[in-house]
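A look at the structure
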Amino acid sequence: MEILAAVTRPQAPFTIEPVEIGPLVAGECLVELEACGICHTDLTAASGALPTPQPIVLGHEGVGVIIKVGPEVNDFRVGDRVIMSFGACGHCSPCQQHTPSYCNQAGLMNFAGRRADGSSALQQQGQAIAGHFFSQSSFATHAVARTTNMVKIAEDLPAALMAPLGCGIMTGMSSVVNVLAVEPGSHIAIFGCGSVGLAAVIAARLQECGEIIAVDHNPQRVQLARDLGATVGIVAEQDDLKATVKAIGGLHAVFDCTSHPAVIEQAVGLLLARGKLLCAGLPSSKAPLPIDPLALVFKGLSIMGTVEGDADPKVFIPQMIDWYRQGQLPLHKLVTTYPFSDIERAVEDMKSGKTIKPVLLMK
Ligand SMILES: [Zn+2]
Ligand SMILES: [Zn+2]
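Because the structure is predicted, anything quoted here is derived from the model rather than measured.

Cut-offs applied
Throughout this description, residue numbers start from 1 for each chain and increase along the sequence as written. To label them, take the chains in the order written and letter them from A, then take the ligands in the order written and number them from 1. Local features in this predicted model are restricted to residues whose pLDDT is 70 or higher, and side-chain atom pairs enter the listing and the counts only when it is 80 or higher, whereas totals over whole chains, interfaces and linings include all residues. As a convention, hydrogens and water are excluded, and side-chain values are obtained from all of the structure's heavy atoms. Numbered from the N terminus, helices here are DSSP runs of H or I no shorter than four residues, and strands are runs of E no shorter than two. Coordinating donors are taken to be N, O and S atoms lying within 2.8 Å of the metal, or within 3.2 Å when the metal is Na, K or Ca; because water is excluded from the atom set, some sites may appear incomplete. In this scheme the shape depends on donor count and angles: four donors with every angle between 85 and 135 degrees give tetrahedral, four or six donors with opposite pairs above 155 degrees and others between 65 and 115 give square planar or octahedral in turn, and any other case is irregular. Residue burial is assigned from relative accessible area. The probe radius is 1.4 Å, only protein chains are included, and a residue is buried under 20% of its type maximum, exposed over 50%, and partly exposed in between. What is meant by a nonpolar core is a set of buried Ala, Val, Leu, Ile, Met, Phe, Trp, Tyr and Cys residues, joined one to another through side-chain atoms within 4.5 Å. Only heavy atoms enter the contact rule, under which two residues are in contact if any of them lie within 4.5 Å. Note: two strands are recorded as paired if DSSP finds a minimum of 2 bridges between them. For every domain, the bounds stem from an assignment made automatically or drawn from a database. Buried area, as used here, totals the accessible surface that two parts lose on assembly, with accessibility defined by a 1.4 Å probe and the loss added over both. The term salt bridge refers to a pairing of a side-chain nitrogen on Lys or Arg with a carboxyl oxygen on Asp or Glu at a separation within 4 Å. What qualifies as a polar contact is a pair of N or O atoms within 3.5 Å, subject to a donor-acceptor requirement within protein and to the restriction that residues adjacent in sequence count only when both atoms come from side chains. In this count, Pro and Cys sit with the nonpolar residues alongside Ala, Val, Leu, Ile, Met, Phe, Trp and Tyr, while Asp, Glu, Lys and Arg are called charged and the others, Gly among them, polar.

In terms of backbone geometry, most residues other than glycine have negative phi values and most peptide bonds are trans. The omega torsion of the bond from Gln-54 to Pro-55 falls at 0°, within 30 degrees of zero and hence cis. Turning to its location among the elements, Pro-55 is positioned in the loop between helix 1 (40–46) and strand 4 (56–57). One non-glycine residue, Glu-237, lies in positive phi territory at about 65°. On the secondary structure map, Glu-237 appears in the loop between strand 13 (232–235) and helix 8 (241–248).

Right under this line is the structure:
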């Protein structure tokens, strides 16, 4: 079957081209896309910084309808509407313990560009091209997903707003709710107000944090964080973060989306005893983190990292949809939609900071 997909080649823009999609194997479904969000991991993979082969079809925040089911698929049928999240094998120990982002086969399921047997569902003129990115490759009119990474959703939910629940929004919210597990009344600072950081702000407000400090270079993003529930907005290198934190008596938790060593060093210094720092960003270099070992021990700090906020999408996506339906998750304030054909403009707007969360519409 011929589909249209945005193909990524080294040092080249995304180009939408006809691609052949082959037969499904056990545990796979063919999904006709309605929408797909663009996440920073797509751009990192496109830049060549991840061990992902090219040419490849990226995209890992897809929403659509199942139009075909492969062998050994029991829980899904044709016509089901699904959000596609990250890939996981479904049967290793981390998967069994509901922490699929640490699946023993996470690299294979998300970044290898192929199935476990080495094959790819995608080809062009007889030549295989890489796919199966996050077990989906959703920058396309159709994607091959697995039963392990699909979550059913209702007909009435808007595709454009549901798409980022598959990765970015889930990461920010679950980091605060499940990993930091912030207490009501506790003080948190969130460094970096992109979609992940802003989702964390929304979650911190839902968890009834006391002070919620949002920090970013971009004043518009800091203002948006204020609109979403941050009690204090700090424009980096302009406002005095240290004095602000001192005035509230210190921080119980820090959520960092920047992966910037200087930011992390500063954040550690602002934590109260037994405070927690959680890092969620993809580092732009392998520079070690400058953490004072004396403060680490004497303050009893916890310094942690997370993939996808440790979420189990099958549990946490329905939870986020409940919040959305209750009016507590204003996704429309984060999402800007683009026709699929405008993928390059969407990427440019994301890079320039004009758009928080671009979502491509395939229909
Ligand atoms: Zn697994
Ligand atoms: Zn992502």
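We are not done yet, so read on.
Protein-derived coordination of the zinc ion (ligand 1) comes from Cys-89 (SG), Cys-92 (SG), Cys-95 (SG) and Cys-103 (SG), at a distance range of 2.3 to 2.4 Å. Of note is the zinc ion (ligand 1), whose four donor atoms meet at the metal with angles of 104 to 118° in an arrangement that counts as tetrahedral. Each donor residue of the zinc ion (ligand 1) belongs to the same chain, and together they define the spacing C-x2-C-x2-C-x7-C. One end of the pair, Cys-89, is in the loop between strand 6 (81–84) and helix 2 (93–96); the other, Cys-103, is in the loop between helix 2 and helix 3 (106–111), and 14 residues separate them in sequence. Judged by relative accessible area, Cys-89 falls into the buried class, the value being 5%.

Attention now moves to the nonpolar core. Counting 87 residues, the largest nonpolar core has Phe-139, Met-162, Met-173, Ile-188 and Met-320 as its most contacted members. It is helix 6 (residues 195–206) that provides the largest number of residues to this core, a total of eight residues. Once you skip the residues sitting within four places of it in the chain, Met-162 turns out to touch Val-63, Ile-83, Ile-153, Leu-157, Ile-321, Tyr-324 and Leu-331. One finds Ile-213, Val-232, Ala-267 and Cys-279 within the second-largest nonpolar core, a separate group that totals 19 residues.

Before going further, it helps to examine the coordination of the zinc ion (ligand 2). Taken together, Cys-39 (SG), His-60 (NE2) and Cys-167 (SG) make up the protein donors of the zinc ion (ligand 2), found 2.1 to 2.2 Å from the metal. Each donor residue of the zinc ion (ligand 2) belongs to the same chain, with the gaps between them written as C-x20-H-x106-C. Remark: Cys-167 occurs in the loop between helix 4 (159–162) and helix 5 (168–179) and His-60 occurs in the loop between strand 4 and strand 5 (62–69); sequence separation between them is 107 residues. For His-60, a relative accessible area of 0% translates into the label buried. We classify Cys-167 as buried; its relative accessible area is 5%.

Another point: the pairing of strand 2 (residues 15–21). One ladder, built from six bridges, connects strand 1 (residues 2–8) with strand 2; its direction is antiparallel. Bridge pairing links Glu-2 to Glu-20 in strand 2. Linking strand 1 back to strand 2 in an antiparallel pair, the connection comprises six residues, with Gln-11 at a positive phi of about 50°. Here two bridges tie strand 2 to strand 7 (residues 122–124), and the two strands are oriented antiparallel to one another. Within the sheet, the bridge partner assigned to Ile-21 lies in strand 7 and is Leu-122.

This part is about the domain arrangement of the protein. One can read the domain layout of the protein as domain 1 (2–152 + 330–361) and domain 2 (170–307). Distance between the C-alpha centres of domain 1 and domain 2: 30 Å. The interface of domain 1 with domain 2 comprises 13 residues on the first partner and 15 residues on the second. In total, domain 1 and domain 2 occlude about 1100 Å² of area from one another, counting both sides; carbon and sulfur atoms represent 68% of this. When the area that domain 1 buries against domain 2 is broken down by residue, the three leading residues are Lys-333, Leu-334 and Ile-356, summing to 43%. For the pair domain 1 and domain 2, the interface holds zero salt bridges. The interface formed by domain 1 and domain 2 contains five residue pairs in polar contact (both at pLDDT 80 or more). A per-class count over the side of domain 1 that touches domain 2 returns five nonpolar, six polar and two charged.

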